[in-house]
Amino acid sequence: MKAGSKTFSWFQVPEDIKNLLILAAKSWENTAESEKYMQQALAKTEDNLEVLVAAYRYFYYKNNYLLALQMAVKVINKIHNYEKLPDDWQQLKAVLVSRKDNPSIRLYLTAYAASGLVLAKLGEIEQAKEISARIKEVDDKKEFGGGLILDILTRPAEEDEE
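The structure displayed is predicted, hence computed values, not measured ones.

Engineer: Looking at this structure, I do not really get the packing of aromatic side chains. What am I missing?
Structural biologist: Aromatic ring pairs are reported here in terms of the distance separating the ring centres and the angle at which the planes meet. According to the stated counting rule, one finds six aromatic pairs in the structure shown. When the centroid spacing of 5.4 Å and the interplanar angle of 90 degrees are considered together, the rings of tryptophan 28 and tyrosine 58 count as edge-to-face. With tryptophan 28 in the loop between α1 (15-26) and α2 (31-45) and tyrosine 58 in helix α3 (residues 49-61), this residue pair connects regions lying 30 residues apart in the sequence. The class of tyrosine 58 is buried, set by a relative accessible area of 5%. An angle of 25 degrees between the planes, with centres 5.8 Å apart, marks the rings of tyrosine 56 and tyrosine 60 as stacked. One end of the pair is tyrosine 56 and the other is tyrosine 60, both in helix α3 and four residues apart, which spans about a single turn. Within the aromatic cluster, the residues linked to one another by ring pairs are Tyr56, Tyr60, Tyr61 and Tyr65. Positioned above the aromatic ring of tyrosine 37, the side-chain terminus of lysine 36 is 4.8 Å from the ring centre. The side chain of lysine 62 reaches across the aromatic face of tryptophan 28, ending 4.2 Å from its centre.

Here is the structure:
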């Protein structure tokens with residue numbers, strides 16, 4: 001299959017940005033080259049949500065967890081500001097529960113859960129537990145993975161069998 005910018009017609013970014021993302025994917029095996037394309041796409045888009053999500057995925061699967069975390073936090077902050085979400089967790093929790101079917105809020109929750117996962121990978125276990133517990137509080141359908149991550153982070157270490 002030949003990938004061209006028309007292949008990703010659902011991706012709402014300019015053609016030159018699509019082309020940079022396609023080049024990043026095509027040069028996946030050469031990390032320096034593919035990252036150059038990803039960084040160019042990020043520089044040209046001024047924090048476009050779709051590009052930030054693509055960059056998060058790129059950096060996560062390249063095991064560059066610091067940059068993956070930066071992308072997740074940018075998504076969180078952008079939606080937080082756009083939706084005028086409260087800073088206080090109890091107020092925010094109420095908004096998230098009542099609006100979790102809204103696409104922006106779903107993306108917020110997904111990015112927040114992703115930040116918890118990446119923090120765990122970076123060894124920031126307490127922060128990861130806090131985020132995962134918060135996601136679990138609003139995720140009654142277990143869609144965002146907070147409960148699973150929290151369970152993994154809090155299960156007792158297995159004792160060696162003798």
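That shown, we press on.
Engineer: Sorry, what's going on with helix α8 (residues 146-154) here?
Structural biologist: One full turn of an α-helix is made of 3.6 residues, so residues set three or four places apart face in the same direction. Along α8, the residues that are buried comprise Gly146, Gly147, Ile149, Leu150 and Leu153. On an axial view of α8, the arc spanned by its buried residues comes to 165 degrees, and they lie on one face. Those residues of α8 that are buried are in contact with α6 (103-121) and α7 (125-138).

Engineer: I'm lost on the pattern of salt bridges in this one. Help?
Structural biologist: With the rule as written, the count across this model stands at nine salt bridges. Close ionic contact of arginine 99 with glutamate 83 constitutes a salt bridge, the shortest N to O distance being 2.6 Å. You can see arginine 99 sitting in helix α5 (residues 89-99) and its partner glutamate 83 sitting in the loop between α4 (65-82) and α5, a full 16 residues away along the chain. A salt bridge links glutamate 137 to lysine 93; the nearest nitrogen and oxygen atoms lie 2.9 Å apart.

Engineer: How do you make sense of the side chain of serine 34 when you look at a structure like this?
Structural biologist: Within the secondary structure layout, serine 34 lies in helix α2. Among all residues touching serine 34, those that are not within four sequence positions of it are Ala24, Ser27, Trp28, Tyr58 and Lys62.

Cut-off values and rules
Residues numbered from 1 in each chain as written. Predicted model: local features only at pLDDT ≥ 70, side-chain atom pairs only at ≥ 80, totals over all residues. Heavy atoms only, no water. Phe/Tyr/Trp six-rings, centres within 6.5 Å; stacked < 30°, edge-to-face > 60°. Helix = DSSP H or I, 4+ residues; strand = E, 2+ residues; numbered from the N terminus. Buried < 20%, exposed > 50% of the residue type's maximum accessible area, 1.4 Å probe, protein only. Lys NZ or Arg CZ within 6 Å of the ring centre and 35° of its normal. Arc of directions from axis to C-beta. Contact = heavy atoms within 4.5 Å. Salt bridge = Lys/Arg side-chain N within 4 Å of Asp/Glu carboxyl O.

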